[in-house]
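Residues per chain are reported as follows:
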Amino acid sequence: MTLTIKGFCFWRFFNENENCVLMNRYRITHDDKMKLMNRINDSINQMKLQKRIRQKRIIFSVAAAVVSIFFVGHLFYKDNYFQSSPLKKIITQNRESELSTGGEVKLIIGREKAISLQQKNSELIYSNNGEEVLANNILVHKSSVKIKSNINALIVPYGKRSFVTLSDGTKVWLNSGTKLSYPSVFNAIKREVYLEGEAIFDVAHNSEKPFFVHTKESEIKVLGTIFNVSSYSDEQFIQTALKSGSIEVIYRKSNILGTKIKKKLSPGMISLFDKDAESVEIKTTDVNNVMSWRDGVLIFRNQQLEGIIKKLARYYNVRIEIKNKEELSKTFSGSLHIKKTIEEVMQVIKETTSIDYEIKNMNERN
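Below or above, wherever it landed, is the structure these notes cover. (Residues numbered from 1 in each chain as written. Predicted model: local features only at pLDDT ≥ 70, side-chain atom pairs only at ≥ 80, totals over all residues. Heavy atoms only, no water.)

1. Structural notes on the packing of helix α4 (residues 305-316) against helix α5 (residues 342-353)
Geometrically, a packed helix pair is captured by the angle between its two axes and the distance between the axes. For the pair α4 and α5, the least separation of the axes is 11 Å and the interaxial angle reads 170 degrees. As summarised for this structure, α4 and α5 are arranged roughly antiparallel, according to the angle between their axes. From α4, Leu 305, Ile 309, Leu 312 and Tyr 316 reach across to α5, where they touch Ile 342, Val 345, Met 346 and Ile 349. Looking at the contact of α4 with α5, its residues break down into eight nonpolar, no polar and no charged. (Axes fitted to C-alpha atoms, helices over the stretch in contact; angles between N-to-C directions. Helix = DSSP H or I, 4+ residues; strand = E, 2+ residues; numbered from the N terminus. Parallel < 35°, antiparallel > 145°, perpendicular 65-115°, else oblique. Contact = heavy atoms within 4.5 Å. Nonpolar A, V, L, I, M, F, W, Y, C, P; charged D, E, K, R; others polar.)

Below, the structure is given as structure tokens:
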């Protein structure tokens, strides 16, 4: 049945006193009124429901956009932290070629100059204000203007070692094939350095200004302590060994969420981060064995011969080829006095393992 209702009577047809004119002279019964009322109510409710759905979609879209912006911004900040840092500028300079040539130890001072240090074991000391640098008790640099953002780098090639006292009093021993980037004087908030290779840190205590050691895959936060970090690009593991104090090691995983693994170390602990598996193993051992290279001794416990040979090649700036490849996976324990010549050290290994070997100049690698 089709109904046509005149004017505003449409909205008032439920009033029994109203006279609504209907086509075909039909009068609306009570049942018809109820049916029409239900249809109108259903229509109104449907419109309200659709409006709420549209509002929720808008709110969800806006929230998703905000989350996306925050997430992308977080990743951008995390992945580009050093892009905007003054440290990044010096890190990207004089990289692998400087470390592999077996040349002289080099001190890069900002954009001003590069200083070659001819000693095999050089020692540098920065003044408290970072304006003066002594190398083996000789003044090698003096800034005419105090520049707090001046970034320096100490580059130690294979076959050499070095030691530096930073402007805050922190002492750092650098092993062969290592590069350390740092400001000539630290800012008022925190102390940061960037390490490629291996170094022992004796951090000057300052509870108000934490010390951070950054590597490609990790960062270490300390207030004052002694620890060893080994983070070579050609090694599968990043090793952090704590002798005294307390440190927190943070490893960055490569997934899109930017997941981090945090580990707190106590004295006597060693953290091993597997770059391939992106997993961490914590061991308790005598960390003095890990740091013994500083005193000219390599101490190893159940270590594969391949790793021992790699350390010797780096320390002496030579290339060592083992003919008996099956020996490389065998593990050994003992010590080697690396203050001796490479020939003397390899003779000890040969007598212990019955291996054959050849020694070539490290420069032949390139």
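2. Here we look at the packing of aromatic side chains
Counted under the stated rule, the structure contains seven aromatic pairs. With a centroid separation of 5.0 Å and 50 degrees between ring planes, the pair formed by Phe 163 and Trp 173 is classed as tilted. Remark: Trp 173 occurs in strand β8 (residues 171-174) and Phe 163 occurs in strand β7 (residues 161-165); sequence separation between them is ten residues. Here Phe 163 matches Trp 173 in class, with each residue buried. On the basis of an interplanar angle of 70 degrees and a centroid distance of 5.5 Å, the ring pair of Tyr 315 and Tyr 316 is categorised as edge-to-face. The two residues Tyr 315 and Tyr 316 agree in class, both being buried. (Phe/Tyr/Trp six-rings, centres within 6.5 Å; stacked < 30°, edge-to-face > 60°. Buried < 20%, exposed > 50% of the residue type's maximum accessible area, 1.4 Å probe, protein only.)

3. Comments concerning α4
For α4, which comprises twelve residues, the first-to-last C-alpha distance of 16 Å matches the rise-based estimate of 16 Å (1.5 Å per residue) to within 8%. Among the residues of α4, Leu 305, Ile 308, Ile 309, Leu 312, Ala 313, Arg 314, Tyr 315 and Tyr 316 are the ones counted as buried. Against the buried residues of α4 lie β7, β19 (297-304), β20 (318-322), β21 (331-337) and α5. (Expected span 1.5 Å × (residues − 1).)

4. Quick look at the side chain of Ser 176
Here Ser 176 is to be found in the loop between β8 and β9 (178-183). The exposure class assigned to Ser 176 is buried, which follows from its relative accessible area of 0%. Of note is the side chain of Ser 176, whose polar atom sits 2.9 Å from the backbone oxygen of Lys 160. At 2.9 Å, the side chain of Ser 176 and the side chain of Arg 161 are in polar contact. Each residue touching Ser 176, except ones within four places of it in the same chain, is listed here: Val 156, Pro 157, Tyr 158, Gly 159, Lys 160, Arg 161, Tyr 232, Arg 314 and Tyr 315. (Polar contact = N/O pair within 3.5 Å; in protein donor to acceptor, adjacent residues only side chain to side chain.)

5. Topic: the pattern of salt bridges
Within the structure shown, the criterion is met by eight salt bridges. Measuring nitrogen to oxygen at the nearest pair gives 2.6 Å for the salt bridge that ties Arg 191 to Asp 168. Of this pair, Arg 191 sits in strand β10 (residues 191-202) while Asp 168 sits in the loop between β7 and β8; the two residues are 23 residues apart in sequence, bridging distant segments of the chain. Taking the relative accessible area as the measure of exposure, Asp 168 reaches 24% and is therefore partly exposed. Residue Asp 234 is joined to Arg 314 by a salt bridge in which the shortest nitrogen-to-oxygen separation is 3.4 Å. Taken as a pair, Asp 234 in the loop between β13 (226-231) and β14 (237-244) and Arg 314 in helix α4 lie far apart in primary sequence, 80 residues in all. The buried category is assigned to Arg 314, whose relative accessible area is 6%. (Salt bridge = Lys/Arg side-chain N within 4 Å of Asp/Glu carboxyl O.)

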